[in-house]
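# Structural overview
These are the residues of each chain, in order.
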Amino acid sequence: MRQILTIILFLSGRICLANMASPVLEGTRTGSVFSSHDIDILKEKIYLKIDKDFKTAFYRIEYLIRTDTAGQQIPMLFIAKDYKGNFSVWVDNREIKVFDVPYEYKTIRHTPFEKFSNSFNRSSRDEEGETVEIFWQENSGTIYYLNDLKYFEIDLTKGEHQIRVEYMANVWTDRSDWVKEYSFRYSLSPAKYWKSFDTLEITLDASDFTYPLTTNLGKPNKGQNDGISAWNFSELPADFFEVIYKPGINGFAKAMIAVGPIGMALIFFVLTAFLHLIGIKKYRRKEPAKKHSRVVIAGSIILPFIVLLIYMFSFNIIDLIIGDAASNYHGYYFLAIILYPFLMPVYWIIMWLADKRIKGRIINNS
């Protein structure tokens, strides 16, 4: 018995660890650049092409910049986390090498990155450093240190230059609801710190993907979200933009989600409690003189336990009905079993009172 309890506790601990994980499986973190205060960004053009399975997306971002100074300089810093393959940068159609910001540059002052001071703040953490918050969804951002970013250094002449960035991004998966929600996210919030902001053009190419998509950008100026669509902005539309795909499910799956585990457990409870009551009546007609009803005792012990099991297993049942689109992420629902010591006595008392009343009626009518 002790060995069995040990195994149960071990498995419960493993389940607890699994459910402590975030419901969001993060994809590639990318966003607009941080710009030196010597640079005017005249235009940002973002081209995003979704693959046929909505697993990866190709990004091509083009910047038209104007610099007021000439010489060797660092014009931009990049957010580029967990991208797939290479992160490539071209300046005036010449590919250049991109580096990680050295760890020793935790502070901007008296470093080659001093011209980015308008974007960063001194960290309030124990380890001093320059930080910035980047937003990937509504009211949810991530703090980045300067040395989390990438940069390039190049000799620029005064005037206008074109910078192009290309990479492949992995999808984000949100499992917080019954059905998974997939998205590609691009943070626009770094643009708030630019010396100037003129125009932003976003093009979404979903021609290879055959299912409906949504975005947080509103109605496009050109095209539709199921093909090639484009938006034009003269100011930042939001802190981030997101391309979202949520798989469709059939009507039966929608109905089961609407009923939910609690609804399924309640339906089962009402039906079985009604059958239990019928069984109590039949037993009392046969054994009106018995002090205790075996039907009351057995049903009161077993039925609340089964109802809780129905509640717990209904999560898996609904996931099975949903199919591949199911999130399979539901937190600590198995802990519902701890309610048994509270539910069982209440149910037993109710059925005992019902049995007592039925017994009294039978004796009085005899």
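All of the points below concern the structure found in this document. (Residues numbered from 1 in each chain as written. Predicted model: local features only at pLDDT ≥ 70, side-chain atom pairs only at ≥ 80, totals over all residues. Heavy atoms only, no water.)

## Points about the pairing of strand S9 (residues 84-91)
Residues in a regular strand point their side chains to alternate faces of the sheet. Pairing analysis gives 5 bridges linking S9 to strand S17 (residues 159-170), with the strands arranged antiparallel. Within S17, the position partnered with Val-91 by the bridge is Ile-163. Two elements, S9 and strand S10 (residues 94-96), share 3 bridges in a ladder whose sense is antiparallel. Paired with Val-91 across the strands is Arg-94, a residue of S10. What sits between S9 and S10 in their antiparallel hairpin is a turn of 2 residues, with Asp-92 showing a positive phi close to 50°. (Pairing = 2+ DSSP bridges. Helix = DSSP H or I, 4+ residues; strand = E, 2+ residues; numbered from the N terminus.)

## A word on empty space enclosed by the protein
If you roll a probe as big as a water molecule over the atoms, it shows you where there is empty space left. In this structure the tally under the stated criterion is 1 cavity of 30 Å³ or more. Forming the boundary of the largest cavity are Thr-30, Gly-31, Val-33, Ile-61, Tyr-63, Phe-78, Ile-79, Phe-87, Val-165, Tyr-167 and Tyr-186. Of all the secondary-structure elements, those providing two or more residues to the lining of the largest cavity are strand S2 (29-31), strand S5 (56-67) and S17. Among the residues forming the lining of the largest cavity, the class breakdown is 9 nonpolar, 2 polar and no charged. (1 Å grid on protein atoms, 1.4 Å probe; cavity = no way out; pocket = protein on both sides within 12 Å on 5 of 7 lines; lining within 4 Å. Points joined across faces, edges and corners; volume = space filled by probe spheres on them. Nonpolar A, V, L, I, M, F, W, Y, C, P; charged D, E, K, R; others polar.)

## Section: the pattern of salt bridges
Tallying each qualifying case throughout the model produces 15 salt bridges. Close ionic contact of Lys-115 with Asp-38 constitutes a salt bridge, the shortest N to O distance being 2.6 Å. Of this pair, Lys-115 sits in the loop between strand S11 (99-100) and strand S12 (121-122) while Asp-38 is found in the loop between strand S3 (34-35) and strand S4 (39-50), placing the two residues 77 residues apart along the sequence. Lys-115 gets classed as partly exposed once you look at its relative accessible area, which sits at 36%. The exposure class assigned to Asp-38 is buried, which follows from its relative accessible area of 14%. Across the pair Asp-53 and Lys-52 runs a salt bridge, and its minimum N-O distance is 3.3 Å. On the accessibility criterion, Asp-53 (43% relative accessible area) is partly exposed. Residues joined by salt bridges that share partners form a network here, namely Asp-40, Arg-66, Asp-68 and Lys-195. (Salt bridge = Lys/Arg side-chain N within 4 Å of Asp/Glu carboxyl O. Buried < 20%, exposed > 50% of the residue type's maximum accessible area, 1.4 Å probe, protein only.)

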